[in-house]
Every structure is written in C-alpha cells, then in structure tokens.
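Letter by letter, the chains look like this.
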Amino acid sequence: MQVLIYILKRILQAIPLLVIVSLISFFIIRLSPVDPLAELKLNPSVSKETLQKETERLGLDKPIIVQYGKWAKSFLQGNLGITSNGEQVSTKLKERIPNTLLLAVIVIFLTWLVGMPLGVLAALKWKSPLDRILTVLTSIGMAIPSFFFAVLLLIFAVKTGWFPVGGLTSSNFAEMSLSAKVWDLAHHLFLPVLVLFTISLAGLQRQMRANLLDVLDSDYVKFAKAKGLSNFKVIYKHALRNAINPMITLLGFEFAGLLSGAALTEYVFQYPGLGRLILEAVLRSDINLVMASLMMGAIMLIAGNLIADILLILTDPRIRVKRGAA
Amino acid sequence: MKKWVYVILVLVFFALFLRSCVHKDNPVAESPEIRPKSDVESIVFPPSQKTFTINGINYLQSQAPVGKFGGELRASTIGEGPKTFNPFNSKDNISSLMSDVMYDGLLTTDAEIGAPIPKLAKSITINGNDYIVDIRRGIKWSDGKEITADDVVFTWQNIIFGGYGNTSTRDSLVIDGKLPSVKKIDKYTVKFTTVKPFAPFIRMLSTPIAPKHIFEPAVKKGKDYFYTFLSTNTDPKTFVTSGAFKLKEYVPAQRVVFERNPNYYIINKNNKKLPYLDRLVYFIVGDLNNEVLKFEGGEIDVIGLQGANVARFKERESHSDYKIYNLGPNTGTMFLTMNLNDRKNKDGKFYVDPIKQRWFRDINFRLACDYAMDRKNMVLNIANGLGAPLFTAESLNSIFLNENLQPYERNLEKSKELLKNAGYFWDKKGHLRDKYNNHVEFDLYTNAGNTEREAIGVMVKQDLEDLGMKVNFKPVEFNTLVNKLVNTLDWDMVIMGLTGSPLEPNGGKNVWMSDGTLHMFNQRSEDDKLSKRLDWEKEIDEMYTKGALATSFDERKKYYDEYQRIAYEQKPFIYIYSPIIIMAIRTKFKNIFPSALTGMTYNLEEIYINKEAK
C-alpha cells in the first residue's frame, strides 16, 4: 500500500517537471535562429504564395505562446502532430523505435552480462595483474570517443570487406529465409554494437569494481570473515548483495537511455534509429518531431528512475524501514 | 637504469609511428591530371527513341544497342530519403527523383541537345497559344489500365490547376492572373491553351501524369488529405505507375527498392519490353563520406565524386571496375554580390549605410572588384581544379548561354585604373579611400559550415584587399544569412550559390525580375515593390518578360542573350565559378551515355549489365 502511494506521489511530482521541460525545450527550439523554411526561401523556383502557405501550414505566423498552446493541447490528446514534411510524428517514431530498441537492448544485455562478472573479478583480484590489465583496457574504452572508434571500424569494414558498410539490412532482406535474416541482422549489427558495448562496458565494469571494493572493505564483511564463514558465502551472499544497490540506480538510467539512441554512432553507421532521426529533425527545426522525442526522453528518464527506486525498495530492506519510519 | 630503457623504447616506438604517418600522407604517385575537356562532348549518343507501332499500340522504341535482361543497379541519395512518393507533393530533389523513376510525363528532354521530345505523348503540335498533344495509343499503367486523355486532363485540371500539393508549377503558369486551359478533344488528344504565348510552358509538359483512377478519390477528399496521399508510409503494392520502375519496398533511413514495370511502353530493337534491369535500389546515406565508403566497399554502383576523392579514384581507375566521367560544369553558380539597396526600412533608416551605397551602386567599383577576382586560383585551390571560371548569368551548360561573353584573366591594373577614374585614391598606408575620404571597409558574409564558400570568402577577401579595401569576412549561420538576404536586408556583400536550369532561363525570374523574391542585389520588401528601378534593371525586366512570351527558340535566345550581356556589363552578381560534375559507374553497366544536361542515369530503361565485358 505504502509503495503504491509512493508511486502515485512520484507520478504527480513528474507532471510539473514535464511541463517545465516541454516549455523550456519548445521555447529554445523556436527562439533558435534555425528557420524551417530557409531552404525554400533560397530556392529560385519557389514562389511567394508557396512560402506563405508553408508558413501558415507550420503555424509559424502565430506568436510562440500560441504555437506552444496548440502543441500542448494536441499532445495531451495523444496526438503528436505532423512533421514538417506532413508525415505523422507517431508513425515516424514507430518506424525507428524497434531499430533503436534492438540495438539498445543488445548492448545493455551484453554489457551487463560481461561487465558485472568482470567488475566482480577485478575487485576480488584487486591489484593483481588481471585487475591492472582490466583497468588499462577499460581506461582505453572510456577514453576513446565513440565517433572516432566508429569511423575506424567503418574503415576496417571497407578495407576488409568482412562487414557491410552501415545500414541494418541488405537490399534483398525481404526475400531472405528466417535464418538468413537473423544472420544478416547480426552481420549489420556487429560493428555498432561493438562500439557501444566497448564504451558502456568500461563504465559499468569500473562501477561494479569500485562498489564491491567498498563493501569488501567494510566492517561487517571483515566480521563475517572473522566469524569463519566460507569465502564464497561472504562474497556472494553478503558483499555482492550490498554492492549491487548502486547498480540498480544505474539500471534506471540505462532504461532512460533505451530510446534516446546513440546519435553519433547511429549517424556514422547509417543506422536507421531514433538518434539519427532526431538529429536530422533538430537541424531542420522540425518542432513536433523534436518535441515528441524530447518528451519521450523525459518520460523515460522519470519512469526509469521510478522503476529503479521501486526495485531498490524491494532489494534493500534499509530503504523500506526508513520509509516506514518516516 | 631499467626505467631509461622503457622511456627510450616508448620514444622509438612513437617516432616510428610518426614516421609511418608522415609517409602515408605523401602520395607516392603523382596526382593524376583531371581531364580538362568534359567527356560528354565525345560521347556518341544513339539516335533518339522513336515511335514504333505493333498491333495498334504506339510503343516507343529505344535505338540504343540491344542488351541483356536482369540484374540490379544500386545508387544512393544523400540525406533523409524521400519525404513523399506523390509526384505533386515533392518539394525536395530526392522526392522528385523517386517520382521521376515512377511517373513519366508527356514530354522529356533530349539528352544530347536539350530539346523537348515526346514520351507519353506520341507527338505535340504547337499552334500559337495552343498545344495539341497526341497521346500514345494502347499504352498502359502498371496495373494494366490504359493511359488516356482523361488521365492527362485530370492531372492538369484537377490536381495542378486545382492547387493540390506543391503549387509551384501552377504559380509559375499564372499569366495576367489567368491559368492555361486544358481540354479533352478525344480519347487520345488533349489541347492546352495558354492565355498569351508562353514559351516555358512546353517544359512544364514533362510534369508527371497521374493515374486518374487512383488519384481521383484522394483529390475528392480535399487538399489536406492529398498532402498525406502516397506518403512514404503507403503500401508499395498500391502504387500504379507509368515509369520504367514501380516501388517495391521502402525501408526508412535505409533504402528504396524499385522493380521493373512489366507494362512499360519502351521496347528495344528486338521489340522486347524494357527496362533491362530487374531492380533499382537507392540507398539512403547520411553524408558524402559514407557514400564514398559504400562505393569503395562495392555496395553501390554509381556515385558523384567531389574534391580530393576525384584524384584518389582517378588514380585507381585503370585497375578497378569503375569508369569516371566528367560531365562538365553543372548548373550551380557561385557568386559574390553587393547590396545595391538605396531604400529605407520601416524605422526610416537606410538598409545600407549611404556611404557604402555610393560604392556599391557605382559600376566602376563593381567592375574593379570583378577584375580583382582570381577565379583560376580559386578553381585550383578550392575546387581541386574541378570547376570552370564563370562570367555569365546562365550556367555554362545552359542551352541559352550567350557565348559572346568572353572570360578574362585577373587584372589588378585595370581595377586600380577604374577606381582612380571614379575618384577613389590610396592614402599613405595604401588604404583605399573614396572621394569623400572614407576608408573603403565593408562586411562580407557567407553561410558558415559550407567549407567551399568559406574558402572562397577567404580568397575573395585577399583579392579585394589587394586593392586596399578592408574586408571583414563573417561566415554566419545559414538561416541568419537567409534572414539577412530576404528580410532585414542589412548586409554589404555576400557569397552565395544558386542552382538554375540548363534548359529554361525563366526559372531565374525570381532572381532577375526587379520584384522577385530573390532579387538579392536590390531586394525590394513588400512595401516598396514599386520603388524606382535602375535603368538596367528595367531592361532586364523587359528581356525576361519578352523572353517568356516569345515562342521560337531563336527569338527567345536573343532576349536571354541580351539579359546576360546586361548582367555581364553591370555586374550585380560577380560570378566566380561553376563546379564540374564527376561521376563514377561500374564498367559492367552498358548503354551509359552521360549528358551535361540530364546526367548519368537518365536512360534507366536502356541500361543493362554485361558481366563478361571488363
């Protein structure tokens, strides 16, 4: 019951936050000097009448506050509006969301699958050569810019011919058998996944290592060891459970990142994801599309944090007790 | 001691690394020479396609060598991909390209000489203001329905003149507030009548024709619905087309796939229905670099090359599977222009400082700037030699180009003399001053981010500073610049580029007519459209009006020659150069006849693959 009230409270708190986020983003986009019609204005074959009609169609002839009101109203009704090319924003997003989710889920799954054990391993073998090697590798992973790494891999793909140069599917994808389709997707996904994996792995592994080291150094672990518990029990039953709490918060953020897309990596690999769509929309000042994606990002972030907090309540008795007392 | 060994080792390694970098940066082979003459001049075009009747069906017969059926051509487009597949809604090049593949017009352009030639039309008779179009008998849409006069009348009357979709075709046809009329004479004949003789109209007849049975329901639902009709979300199966290919698949941000239209009306010399290719794929790539990588990786077959890439690809051409063609200068014009505006804005302030107005409105000043331009140097250093110095208002591949207007070299002496005669002088420090002792100093804008224009700006600044002027070069954000050019009008000099048409100068009327929306050098805001015109502006207005009304090519050419002469003498735009188009295509593709007017792959139906030939 208490948890439910807590969730409800958090959702109510989110509303003013979303309003502020939407206001700020809307005004910043509209006040930026990007003119959605600039290209048309410099095209000698575009007539004045056409320009006038375009201005009216995009609502640019009205004051910003009226534009915001119109947008907010349709957003509340669940209508995301149309892009500057007249397509439905919702269909446009729907086209890209599966692709971005595919990439994000694979990357998160792989990084957690590899990063957590590596972090634990490094902490247990603290200051051993293995730990040192891992530290160097993760330093490289953190230091290398994703953009640069992606370009390097792309050149690698061109020179060797082992991987396709960007994209997600081959041109005859529609005619392939199921196994060929899976193989084709994997073939195309390998390089972008590798880039994102390398970069997020580094952070995760370090976080896990630091958490576990902290816990291993604490008094109750020393006490448990002194009590004569087996090393296995001390580490996996007591230390790890405590070390994992900050990771849950991290997972909440990762959830928020699911749909934000990795714009740079997507751009270099010509990956048909949300990141590239939004980047192009921003450059064009396509307000409905940009607003939809920003709002989506904000909602995902709030939801991610909420989920992490709920998970924390479930895993960490201390939080439950504190909340109960308060 | 041990430490030192490590330090030395690291240093040696680092030095070797640097050495290898340096080595890589110096190309071993000498940079290859770019062919100065464009290849299109030596291309032998096959005779024009001609009508050939079998069983009462008026096919169009290709006269190109007979090829083999099958295979696919993979091309690419840069950017976000098509925004619509509706030919009447397209506002960008990529959408237009896609609809050109799918929908044919009544006429098309001859690749060799640029004359309008029949396509869906069997023939066209021009009789004063009347254009009588005879449509091919028995040719079909991709769904098997016949293409008739009803489709043509519907397209023009209901869609275009009805104001559906992108209205720029309609807007450009309004003469004295009236639109041309369209009338069905019989099942295969349509008569268009313009209000006055209007020469550009014939080019408009290459506008795609829509299948009435598909478009009519959409038109009935109103303009807002029409705007979303045949959008990129439409099921490809529902497309009914008249072109060589029909849509098979559109994968957002990845590719557009077309398959051959089995009902196409062009046949080869063996009377087999074209096109030869089974599929046509356009990859949607985000930027130039990715496109080049895709071509290198063998994922696309044809590419437009720019800058340093040309030399790199040229070097490898002889032992590779592609051939590079130089298609000559394109329609792009790069120019420097000055603000000749002498009017005041709403607050009663001059758009341009009156001191500067005196300079810019002085023909001697403009000519002096023109003679100071080192165009050759700019072509060599900025366009990697892939450009042609430009002096005329019409682009170099235009069929209306005035060939009497001669190019000339940079001539600083002449510049200085012109300035001296106009009362300018140089002070002790070598600064240029006008006769009221004002130091000649102004701002030069261009759009930031366009590296080519920025580079031109730097060189223009140097060239003008050789005359003792002080030039403040300011690249600004594109939208800011456009706003300056069309709204606030507070700029001194600008470097810009525009593209035109090699076939129809009338498209430039927004730039050249004194009330045009892009009449940059003397832009009139809405309120002072009627303000005083300069004498030569009046002349150009007259030439443009007459040029559009005259019908014969020779007569029109006279007027457009004259406008180019005035522009050449008055220098409202100081033209700099036109880029040259370089394209590469894999050698396995045959029947490739690149044209300066229509590009590389305009004859999609005739292109075939010959695997054995290398």
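Use the structure listed above.
Cut-offs applied
- Each chain has its residues counted from 1, following the order in which its sequence is written.
- Written order determines the labels here, with chains lettered from A and ligands numbered from 1.
- Per-residue local features of the predicted model are confined to residues with pLDDT of at least 70, and side-chain atom pairs are confined, for both listing and counting, to 80 or more; whole-chain, interface and lining totals are unaffected and use all residues.
- The basis for the side-chain values is all heavy atoms of the structure; hydrogens and waters are excluded.
- Only DSSP runs of H or I reaching four residues or more are called helices, and only runs of E reaching two or more are called strands; each is numbered from the N terminus.
- Only protein chains enter the calculation, and the probe is 1.4 Å; a residue is then buried if its accessible area is under 20% of its type maximum, exposed if over 50%, and partly exposed in between.
- In this description, contact between two residues means that some pair of their heavy atoms is separated by no more than 4.5 Å.
- All accessible areas in this document rest on Shrake-Rupley with a 1.4 Å probe, and a residue is counted as covered only by the protein chains that are shown.
- For the purpose of charge, His is not counted, nor are the chain termini; Lys and Arg are scored as positive and Asp and Glu as negative.
- A single reference atom marks each charge: NZ on Lys, CZ on Arg, CG on Asp, CD on Glu.
- Buried area is a sum: the accessible area each of two parts loses on coming together, probed at 1.4 Å, counted once for each and added.
- Each reported salt bridge corresponds to a side-chain nitrogen of Lys or Arg within 4 Å of a carboxyl oxygen of Asp or Glu.
- Definition of a polar contact: a pair of N or O atoms within 3.5 Å, with one able to donate and the other able to accept a hydrogen when the atoms are protein atoms, and with sequence-neighbouring residues admitted only if both atoms are side-chain atoms.
- In the scheme used here, Gly and all other residues not listed as nonpolar or charged are polar, with Ala, Val, Leu, Ile, Met, Phe, Trp, Tyr, Cys and Pro taken as nonpolar and Asp, Glu, Lys and Arg as charged.
- Definitions used throughout: a 1 Å grid over protein atoms alone; a cavity as a set of points that fits a 1.4 Å probe which cannot get out; a pocket as an open set with protein on both sides within 12 Å along at least five of seven lines; a lining residue as one with an atom within 4 Å of a point.
- Grid points are joined across faces, edges and corners, and a volume is the space filled by probe spheres set on the points.
- In this description, a line fitted to the C-alpha atoms serves as the axis of each element, helices being fitted only across the stretch in contact, and the angle between N-to-C directions of two axes falls anywhere from 0 to 180 degrees.
- An arc is given here, and it is the one of the directions from the helix axis to the C-beta atoms.
- Between rings of Phe, Tyr and Trp, where Trp is taken as its six-membered ring, a pair exists when centres lie within 6.5 Å; planes separated by under 30 degrees are stacked, by over 60 edge-to-face, and by other angles tilted.
- Either the NZ atom of lysine or the CZ atom of arginine qualifies as a charge over a ring when it sits within 6 Å of the ring centre and within 35 degrees of the ring normal.
- An angle below 35 degrees is treated as roughly parallel, one above 145 as roughly antiparallel, one from 65 to 115 as roughly perpendicular, and anything else as oblique.
- Crossings are sorted by hand: turned counterclockwise from the far helix by less than a right angle, the near helix makes the crossing left-handed, and turned clockwise it makes it right-handed.
- When DSSP finds two or more bridges between two strands, those strands count as paired.

### Examining the overall build of chain A
Broken down by element type, chain A carries 15 helices and zero strands. Relative to its full complement of 326 residues, chain A shows a buried share of 44%. When contacts within chain A are restricted to residue pairs at least 6 apart in sequence, long-range pairs at least 24 apart make up 74% of them. For chain A, the accessible surface area stands at approximately 17000 Å², while carbon and sulfur atoms represent 72% of it. Here chain A carries 32 positive and 20 negative side-chain charges, and the mean point of each set is 11 Å from the other.

### What to know about the environment of A393 of chain B
Residue and element names in this part refer to chain B. Within the secondary structure layout, A393 lies in the loop between strand 17 (387–389) and helix 13 (412–421). The buried category is assigned to A393, whose relative accessible area is 12%. Spatially, the C-alpha atoms of A393 and F573 are 8.0 Å apart, while their sequence positions differ by 180 residues. Not counting residues up to four positions away in its chain, the partners in contact with A393 are W512, Y563, A567 and Y575.

### Things to note about the interface of chain B and chain A
Taken together, the 51 residues of chain B in the interface contact 46 residues of chain A. Where chain B abuts chain A, roughly 3900 Å² becomes buried across the two surfaces, and 51% of that area is made up of carbon and sulfur atoms. Where chain B touches chain A, the interface holds three salt bridges. Linking R279 of chain B and E175 of chain A is a salt bridge whose minimum nitrogen-to-oxygen distance equals 3.6 Å. Counting across the chain B and chain A interface gives eight residue pairs in polar contact (both at pLDDT 80 or more). With seven residues, the top contributor of residues to the side of chain B that touches chain A is helix 15 (residues 478–488) of chain B. Among the residues forming the side of chain B that touches chain A, the class breakdown is 17 nonpolar, 18 polar and 16 charged.

### Re the layout of surface pockets
In this model, the second largest pocket occupies a volume close to 960 Å³. Residue lining of the second largest pocket: 35 residues in total, with K41 of chain A together with N483, V486, N487 and T488 of chain B positioned closest to the centre. If you list the elements that add at least two residues to the lining of the second largest pocket, you get helix 3 (48–57) and helix 4 (64–76) of chain A together with helix 15 of chain B. Here the element with the most residues in the lining of the second largest pocket is helix 15 of chain B; it accounts for six residues. For the lining of the second largest pocket, the per-class residue count stands at nine nonpolar, 13 polar and 13 charged.

### A closer look at the packing of helix 10 (residues 231–243) of chain A against helix 11 (residues 245–257) of chain A
Pairs of packed helices are described in terms of their axes, by the angle between the two and the distance that separates them. Here helix 10 of chain A crosses helix 11 of chain A at 40°, and the two axes come no closer than 4 Å. Within the contact between the two elements, helix 10 of chain A uses R241, N242 and A243 of chain A and helix 11 of chain A uses N245, P246 and M247 of chain A.

### Side note on unusual backbone geometry
All names here are of chain B. The amide bond that connects L274 to the next residue, P275, takes the cis arrangement and shows omega of 0°. Checked against the element boundaries, P275 lands in the loop between strand 12 (266–267) and strand 13 (279–285). Positive phi is not limited to glycine here, since N271 has a value of about 60°. On the secondary structure map, N271 appears in the loop between strand 12 and strand 13.

### A word on the side chain of T155 of chain B
Residues and elements named next belong to chain B. Tracing the sequence through the fold places T155 in helix 3 (residues 149–160). Only 2.9 Å separates the side chain of T155 from the backbone nitrogen of A210, close enough to count as a polar contact. Residues in contact with T155, not counting those within four places in the same chain, are F88, I160, P208, I209 and A210.

### Description of helix 10 of chain A
Residues and elements named next belong to chain A. Regarding helix 10, the residues found buried are V234, I235, A239, L240 and A243. The buried side chains of helix 10 occupy one side of the element, clustering within an arc of 135° when seen end-on. Facing away from the buried surface of helix 10 by more than 90 degrees, the exposed residues are K237 and R241. Summarising the contacts, the buried residues of helix 10 are in contact with helix 5 (89–124), helix 8 (178–216), helix 9 (219–226) and helix 11.

### Remarks on the packing of aromatic side chains
In this structure the tally under the stated criterion is 53 aromatic pairs over all chains. The interplanar angle of 45° and the centroid separation of 6.1 Å between the aromatic rings of F26 of chain A and W71 of chain A together place this pair among those described as tilted. Of this pair, F26 of chain A sits in helix 1 (residues 2–31) while W71 of chain A sits in helix 4, and the two are 45 residues apart along the sequence. When the ring of F85 of chain B is compared with that of F239 of chain B, the centres are 5.8 Å apart and the planes differ by 90°; the resulting orientation is edge-to-face. In this pair, F85 of chain B is assigned in the loop between strand 3 (72–78) and helix 2 (93–102) and F239 of chain B in the loop between helix 7 (223–228) and strand 10 (245–251), connecting sequence segments 154 residues apart. Given the relative accessible area of 0%, F85 of chain B is considered buried. Residue class for F239 of chain B comes out buried when judged on its relative accessible area of 5%. Taken together, F335, F400, W512, F521, W536, Y544, F553, Y560, Y563, F573 and Y575 of chain B form an aromatic cluster joined through their ring pairs. We note K221 of chain B situated over the ring of Y225 of chain B; from NZ or CZ to the ring centre the distance is 4.6 Å.

### What about the pattern of salt bridges?
Any two side chains of opposite charge can pair, given that their charged atoms come close. Inspection of the entire model under this criterion finds 40 salt bridges over all chains. The closest approach of N and O atoms between K159 of chain A and E296 of chain B, which form a salt bridge, is 3.9 Å. Separated into two different chains, K159 of chain A in helix 7 (residues 146–160) and E296 of chain B in helix 8 (residues 288–296) make up a pair that spans both. Under the relative-accessibility criterion, K159 of chain A is labelled exposed at 61%. Across the pair E296 of chain B and R316 of chain B runs a salt bridge, and its minimum N-O distance is 3.7 Å. Taken together, the residues span a long stretch of sequence, with E296 of chain B in helix 8 and R316 of chain B in helix 9 (residues 308–316) at a distance of 20 residues. A residue is classified by how much of its surface remains accessible, and E296 of chain B, at 23% relative accessible area, is partly exposed. For R316 of chain B, a relative accessible area of 30% translates into the label partly exposed. The structure contains a network of salt bridges with shared partners spanning K159 of chain A together with E296, R312 and R316 of chain B.

### Observations regarding the packing of helix 8 of chain A against helix 10 of chain A
Residue and element names in this part refer to chain A. Viewed as axis vectors pointing N to C, helix 8 and helix 10 meet at an angle of 120°, and their least axial separation amounts to 8 Å. Judged by the inter-axis angle, helix 8 sits oblique to helix 10. Crossing of helix 8 against helix 10: the hand is right-handed. Every residue of helix 10 that contacts helix 8 at M208, N211, L212, V215 and L216 is listed here: I235, A239, L240, N242 and A243. Each residue belonging to the contact of helix 8 with helix 10 can be placed in one class, and the counts come to eight nonpolar, two polar and no charged.

### Regarding the sheet that holds strand 7 (residues 130–135) of chain B
Strand pairing in a sheet takes place through backbone hydrogen bonds and is either antiparallel or parallel in direction. All names here are of chain B. Ordered in space as 6-7-9-8, the four strands form an open sheet in which the pairing is antiparallel. In this open sheet, the two edge strands, each paired with only one partner strand, are strand 6 (121–127) and strand 8 (181–186). Direction aside, neighbouring strands of the sheet carry axes that sit 20° apart on average. Pairing of strand 7 with strand 9 (residues 189–193) involves five bridges; the strand directions are antiparallel. Counted as the bridge partner of V133 is V190 from strand 9. Relative to strand 8, helix 3 is tilted by about 170°, and along the sheet it contacts strand 7, strand 8 and strand 9.

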